[in-house]
Amino acid sequence: MRLRSLKDKDILLDNCDYLIKNYKEIKGNWQKKFKNNNPIHLEIGMGKGDFIQGMARKYPDINFIGIEKYDKVIGRAIKKYPVKLPNLFVINMDAKDLEKAFDKEISHIYLNFSDPWPKDRHAKRRLTSIEFLKIYDKVFKDKKRITLKTDNLILFASSLVSLNNYGYKFLNVNLDLANSDIPNVLTEYEVKFQNMGVRINYLDVEKLN
Ligand code: SAM
């Protein structure tokens with residue numbers, strides 16, 4: 001994601017009432033933080049937050065957490081969505097550190113237009129590599145569910161292989177999400193790709209243990 005300077009980033013981050021900075025202290029107590037026992041869904045790489053904001057509005061009985069690696073990007077998300085929703089928090093963190101923020105508390109992970117890392121030597125950095133699937137095991141509750149959308153065929157193909165090898169069951173695979181009847185909340189990148197006529201690949205997988 002290309003970044004331009006964001007002058008008021010620090011002010012935005014310091015004053016946002018739904019950005020969680022002390023996430024290590026909340027580990028194991030997220031439902032208490034949400035003040036209910038609803039399931040917790042996580043988006044990794046939320047960008048400017050269109051998807052996670054849309055999901056939180058559409059599904060008020062689900063708790064959502066969006067994480068994003070870059071503070072400038074999360075600053076833009078906060079600028080775009082200044083108002084706190086009761087069922088949404090965001091965290092400025094890298095997915096490789098998920099275990100520092102969560103115990104076995106997450107029911108569903110969304111990976112939307114994740115960086116594809118197309119070179120073979122960078123395959124471990126893909127968010128569906130075995131390395132990341134092992135990290136997700138540590139934060140998933142008993143049932144694990146991952147939903148992925150991408151324009152990128154290298155990421156899509158390698159995700160099919162690694163999720164299958166890791167024992168995930170395929171609930172749905174679709175090669176043209178926009179022309180399907182799958183319920184969908186659009187992301188910023190998805191809108192850009194759709195406007196360019198690019199087809200969106202989708203997969204939804206589950207693992208019971
Ligand atoms: N999901 C958004 C969308 O679909 O519009 C943004 C897509 S953008 C291509 C990928 C985003 O994932 C970037 O904002 C990037 O900073 C973030 N990201 C990449 N690797 C990450 C990681 N390991 N942990 C957290 N965020 C990550």
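Residues numbered from 1 in each chain as written. Predicted model: local features only at pLDDT ≥ 70, side-chain atom pairs only at ≥ 80, totals over all residues. Heavy atoms only, no water.

In the vicinity of the ligand there are 18 residues, among which G45, E68, A95, N112 and T187 approach most closely. At 3.2 Å from a nitrogen atom of the ligand is found a main-chain nitrogen or oxygen belonging to K69. For the ligand, a nitrogen atom lies 3.0 Å from a polar atom in the side chain of D94. When isolated, the ligand has an accessible area of 600 Å², and the protein chains bury 94% of it. (Near = heavy atom within 4 Å. Polar contact = N/O pair within 3.5 Å; in protein donor to acceptor, adjacent residues only side chain to side chain. Areas by Shrake-Rupley, 256 points an atom, 1.4 Å probe, with all protein chains shown as cover.)

With that settled, consider the pairing of strand β7 (residues 201-207). With seven of seven residues buried, β7 lies mostly within the body of the structure. What you see with β7 is no split at all: N201, L203, V205 and K207 on one side and Y202, D204 and E206 on the other are buried throughout. Alignment of strand β5 (residues 144-150) against β7, held across seven bridges, turns out to be antiparallel. Each residue of the ladder has a partner; that of R145, found in β7, is E206. Strand direction decides the pairing type here: strand β6 (residues 169-174) and β7, joined by five bridges, are antiparallel. Each residue of the ladder has a partner; that of K169, found in β7, is E206. (Buried < 20%, exposed > 50% of the residue type's maximum accessible area, 1.4 Å probe, protein only. Helix = DSSP H or I, 4+ residues; strand = E, 2+ residues; numbered from the N terminus. Pairing = 2+ DSSP bridges.)

Here we take up a nonpolar patch on the surface. Residues F170, V173 and L175 make up a contiguous nonpolar surface patch of about 240 Å² in total accessible area. Looking at the secondary structure, you find V173 in strand β6. (Patch = residues over 30% accessible without salt bridge, like charges linked within 9 Å, V, L, I, M, F, W, Y side chains within 5 Å. Salt bridge = Lys/Arg side-chain N within 4 Å of Asp/Glu carboxyl O.)

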